[in-house]
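Structural overview for review
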Amino acid sequence: MINLKIEIKIDSEYEEPHVTIYTAELTPTIQAAISLLQQEKEEQILTGIANNKTYIIDPNSIIVIRTEGRELALYDEDDHRLILSKPLYELERQLGSNFIRISKSAIINLTKIKNIEASFNGTMEIELVLGIKEVISRNYRKQFKKRLGV
């Protein structure tokens, strides 16, 4: 268990909250806290486009977001494919703790994983709901395993 010290100062001089975190390393728990604080600050609505229409996206329905050519495509549990305009790194920060980057080009929703298969050549393939498959790249494998506790 980590010894955590929290100090809160309430001062009417501040118009917006100001948060400073001192830590030896950026852990998944601290990243989740940062995501939660950012959501409090901006509470942005996520939108995507399909068939020249803009749709509001429920983050809980997202299965995977990945680059496909020059587009950033989102797949949801209703089997929709929506095009997003935000960059992947920005979405990674906005989506919160249920999401993890698995490659330079993909973010998945951890709650939508059906199974994970490790092969002899060192790659790991994830099967998500609706039969969507993604490969965890070597650079993101360690972080992924740590997040799942394996």
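What you are looking at is a predicted structure, and each value in this text was computed from that prediction instead of being measured. (Residues numbered from 1 in each chain as written. Predicted model: local features only at pLDDT ≥ 70, side-chain atom pairs only at ≥ 80, totals over all residues. Heavy atoms only, no water.)

For the chain, the count of helices and strands is 3 helices and 10 strands. Going from the N terminus to the C terminus, the chain shows its helices and strands as α-β-β-β-β-β-α-β-β-β-β-β-α. Overall, the chain is about 50 × 45 × 25 Å in size when its C-alpha atoms are taken along their principal axes. Counting only contacts in the chain whose residues sit at least 6 apart along the sequence, the fraction spanning at least 24 positions is 43%. (Helix = DSSP H or I, 4+ residues; strand = E, 2+ residues; numbered from the N terminus. Contact = heavy atoms within 4.5 Å.)

This brings us to the sheet that holds strand E10 (residues 133–136). Paired through backbone hydrogen bonds, the strands of a sheet run either parallel or antiparallel to each other. Here 3 strands make up an open sheet; going across it, the order is E8-E9-E10 and the pairing antiparallel. If you trace the sheet from one side to the other, it starts and ends with strand E8 (113–118) and E10, each paired once. Ignoring strand direction, the axes of neighbouring strands in this sheet form an average angle of 25°. Of the strand pairs in this sheet, E8 and strand E9 (residues 124–128) are connected by 5 bridges, and their pairing is antiparallel. Bridge pairing in E9 links Asn 115 to Glu 127. (Pairing = 2+ DSSP bridges. Axes fitted to C-alpha atoms, helices over the stretch in contact; angles between N-to-C directions.)

Here we come to the pairing of strand E7 (residues 106–109). Residues Ala 106 and Ile 108 point to one face of E7 and Ile 107 and Asn 109 to the other, with burial holding for every one of them. With 3 bridges connecting them, strand E3 (residues 62–68) and E7 associate as antiparallel partners. Along E7, the bridge assignment pairs Arg 66 with Ala 106. Pairing of strand E6 (residues 99–103) with E7 involves 4 bridges; the strand directions are antiparallel. Looking at the pairing, Ile 100 lines up with Ile 108 of E7. Following E6, the chain reverses through 2 residues before pairing antiparallel with E7. (Buried < 20%, exposed > 50% of the residue type's maximum accessible area, 1.4 Å probe, protein only.)

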